[in-house]
Amino acid sequence: MKKIVFLTGAGISAESGISTFRDSGGLWDKYNVQDVASIEGYWRNRELVLEFYNVRRHESVNTKPNKAHLLVAELEKNFDVTVVTQNVDNLHEQAGSSKIVHLHGELMKATSERDPNDPRCIVELGPDNMDIHLGDKAKDGSQLRPFIVWFGESVPMIEVAVEEVEEADILVVVGSSLNVYPAAGLVHYARPTTPIYVIDPKPVEVHTNRSITFIQKKASEGMEELVSLLLK
Ligand code: APR
């Protein structure tokens, strides 16, 4: 089976009602990213950051995968599919994708403040315990924090993601402005013979001299067009 790797961003979840970051009206229009999504912001005001992610967890609880997530999962019938996502929602999981690499963490998980990547401290948050408050403890006794990779923190899964892209026969970027590194740099690891598709309603600047096939549509329509191209 040919190997297809999807690099997804907030845009693939837009039609599920989840706000993107850099569109007008997006999350970073409403909040200062340095205050709520950086490690410095967390140490400056832990309660503000804990509350920001509590609110996003409550907002996410009624969201469902949209057609784009479902089509990505369905392609597993014809391809060896890996989803490398920058999203912290679990819509790819809900849609049935079986191989998902979360580069920026997962909203419905919590971990240790002292060692966020200690696997013994990573716990699932459920619909009846979605909030993290100051004083909640992780298994190592330190403060519990969101299992999110903040600006200023390393991206532990980037090496795994690079290997996936290096082995891809097809690379598809869906719903990412490719503004944030190291995720955005993944496109450079595709082999010269690997076609790259970008699905996005707006033009996306891909810093590469590679030829890119742009499908300038929303994720659900764009994925339909991609599937017809791949399966024809
Ligand atoms: N379908 C497809 N793409 C869409 C749609 C849609 N319905 N609506 C918007 N988009 C596109 C936008 O045109 C934009 O290119 O999705 C992209 C969203 O870009 P960003 O908001 O920058 O989101 P993303 O690229 O995922 O951000 C990367 O930045 O703040 C950090 O950690 C955060 O993971 C996030 C990272």
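Residues numbered from 1 in each chain as written. Predicted model: local features only at pLDDT ≥ 70, side-chain atom pairs only at ≥ 80, totals over all residues. Heavy atoms only, no water.

## Notes on the environment of E164
- Mapped onto the elements, E164 comes out in helix α7 (residues 158-166).
- For E164, a relative accessible area of 11% puts it in the buried group.
- Between the alpha carbons of E164 and E74 there is a distance of 19 Å; along the sequence they are 90 residues apart.
- What E164 contacts, discounting residues up to four positions off in sequence, is K3, V5, T82 and K99. (Helix = DSSP H or I, 4+ residues; strand = E, 2+ residues; numbered from the N terminus. Buried < 20%, exposed > 50% of the residue type's maximum accessible area, 1.4 Å probe, protein only. Contact = heavy atoms within 4.5 Å.)

## Description of the pattern of salt bridges
- Scanning all chains against the criterion turns up twelve salt bridges.
- The partner of E113 in a salt bridge is R46, with the nearest N and O atoms 2.6 Å apart. Linking E113 in the loop between β4 (105-112) and β5 (123-124) with R46 in helix α4 (residues 46-60), this pair joins segments that are 67 residues apart in sequence.
- Judged by relative accessible area, R46 falls into the partly exposed class, the value being 26%.
- Residue E153 pairs with R145 through a salt bridge whose shortest N-O separation is 2.8 Å. (Salt bridge = Lys/Arg side-chain N within 4 Å of Asp/Glu carboxyl O.)

## So, the sheet that holds strand β9 (residues 212-215)
- Sheet architecture is open: six strands sit in the order β3-β2-β1-β7-β8-β9, paired in parallel fashion. Taken across any chain shown, the strands that pair with only one partner, and hence form the sheet edges, are β3 (100-102) and β9. On average, each strand axis in the sheet is inclined to that of its neighbour by 20 degrees, with strand direction left out of account.
- Lying over the sheet, helix α8 (residues 219-231) contacts β1 (3-8), β7 (170-174), β8 (196-199) and β9, oriented at roughly 150 degrees with respect to β8. (Pairing = 2+ DSSP bridges. Axes fitted to C-alpha atoms, helices over the stretch in contact; angles between N-to-C directions.)

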